[in-house]
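# Reading the structure
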Amino acid sequence: MPLELGVLNRRRFLAEIAGAGAAWMSQEAAMATGGTMAPEGTWALISDTHISANPGEHHRGAWMAGNAGRAITEILSRDAGTAGVIVNGDCARLHGHADDYHHFAGLIEPLIHGRRELHLLMGNHDNREVFAHTCARAFPDRGGPTGRRTAFLPSEHVNWFLLDSLEDGSPIAGRLGREQLDWLASALDRHPDKPAVVMAHHHLKIRPENGRVFKPMSALRDSFELYEVMKSRPQVKAYFYGHTHRWEIARTREGIHLVNLPSSAYVFDASQPAGWVEATPREDGIDLELRCLTPLHCAHGERHRLQWR
Ligand SMILES: [Fe+2]
C-alpha cells in the first residue's frame, strides 16, 4: 500500500516521526490565513513536493519546503482535502534519503493533526525501501503486487486506483510491470459499476486528442500496456499523473481524461504554475480547481468541469 494514514494510525505515525524537527501549525493558525472554503468532501491533490533534508534548500528559484508548507496551509485553511489528500510521488528531493523523508513527514504533520486521510505515491526520485522504513513503518503491506505500493480507494462517486510507477534503477522513466498491471485489471474488473480514476506518478506515451506526446523518454515505459487495460474498461474515466511539473488537461480518443497535476515545488517552464489541485467528484464527472502558490498567476483558480465518457 502507499503510506496511508487512517485515524487509527495517526498516533503511531506521530510517534514514528517524533523528533523530525518540523514546526507544528494548528488548524486555527491556518484558518487565520484566510481564503475561500472548498466544497464538502473534496480531494486535495499534490505532486512532486521534492523535499530535501535541508529545510532551506532552493532549486530553480523555488523554496520546496516553503512551498509545500504553503500548499498544506491553504488546504487546511480552505477546509479542502476532507475526503483525502493524495501526494502523487517525488516526495523526496532527488534520491529518497531517510533525512528527506523525516523532513517530509514533519511538513505533512499538520494534515494529520487536521484529520486528513493521506495517501502517498512513489515517484522516480523516491526510494521505496527507505520511505517504508522512515515514514511507513506503521503500515504493513496489505498484499498488492510484490514490492509495489498500490491502493484501491473507494469513495462516494469514484473509485481511485493508486499505482506505483517507480522503477528501481531508472532515474527518470517509470514502469508498472506485468504483475501490477494484472492487479489493476483484476481490481477494475471487480468494480465495474463505479467510475474509476487511475493515478500514478509518470506521464503516458499516449498521443492525446491534441496530438502531442510530452517527452516520451521520461514517460511510463509500459504506457501502452496500461492504456490497453484502461481503454477496454468503460468504467475508467481519467488518468491523473505528475512528473512533468506541468498543469495540463487532455483527453484520449476514447474520452479518458489525462490530468497532469502541477508540482508544488518548482517548474521547468517559467510560464507554468506551481501549486496543487482541488478535486470534487460528481456522479457524472469531476470538478477541478487549480490553486497556484502565486495567486497572481493567470491560471490561479482555474476551474475545469470534466464530464465522464
Ligand atoms: Fe518531480
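On to the packing of aromatic side chains, then. What the rule picks out here adds up to 6 aromatic pairs. Ring geometry for Tyr 101 versus Phe 131: centroids 5.2 Å apart, planes at 80°, classification edge-to-face. Of this pair, Tyr 101 sits in helix α4 (residues 98-113) while Phe 131 is found in helix α5 (residues 128-134), placing the two residues 30 residues apart along the sequence. Exposure remark for Tyr 101: the relative accessible area of 0% places this residue in the buried category.

Overall, the predicted model of the chain reaches an average pLDDT of 87, with 85% of residues at or above 70. Counted against residues more than four places away or in other chains, residues 17-35, with its pLDDT under 50, gives 26 contacts.

With that out of the way, let us pick up the packing of helix α6 (residues 178-190) against helix α7 (residues 223-231). Direction vectors running N to C along α6 and α7 enclose 10°, while the axes themselves pass 10 Å from each other. Comparing the axis directions of α6 and α7 gives the class roughly parallel. Of α7, the residues touching α6 (which contributes Arg 178, Leu 181, Leu 184, Ala 185 and Leu 188) are Glu 225, Leu 226 and Val 229. Of the residues contributing to the contact of α6 with α7, the split by class is 6 nonpolar, no polar and 2 charged.

Let us now look at the environment of Arg 212. Relative to the assigned elements, Arg 212 resides in the loop between β9 (196-199) and α7. Residues within four places of Arg 212 in sequence aside, it is in contact with Arg 207, Arg 246 and Glu 248. Separated by 2.7 Å, the side chains of Arg 212 and Glu 248 make a polar contact.

Moving on: unusual backbone geometry. Of note, the phi angle at Arg 60 is positive, near 50°, even though the residue is not glycine. Relative to the helices and strands, Arg 60 resides in the loop between β3 (58-59) and β4 (62-63). Judged by relative accessible area, which is 52%, Arg 60 ranks as exposed.

The rules behind each value
Residues numbered from 1 in each chain as written. Predicted model: local features only at pLDDT ≥ 70, side-chain atom pairs only at ≥ 80, totals over all residues. Heavy atoms only, no water. Phe/Tyr/Trp six-rings, centres within 6.5 Å; stacked < 30°, edge-to-face > 60°. Helix = DSSP H or I, 4+ residues; strand = E, 2+ residues; numbered from the N terminus. Buried < 20%, exposed > 50% of the residue type's maximum accessible area, 1.4 Å probe, protein only. pLDDT = per-residue confidence, 0-100. Contact = heavy atoms within 4.5 Å. Axes fitted to C-alpha atoms, helices over the stretch in contact; angles between N-to-C directions. Parallel < 35°, antiparallel > 145°, perpendicular 65-115°, else oblique. Nonpolar A, V, L, I, M, F, W, Y, C, P; charged D, E, K, R; others polar. Polar contact = N/O pair within 3.5 Å; in protein donor to acceptor, adjacent residues only side chain to side chain.

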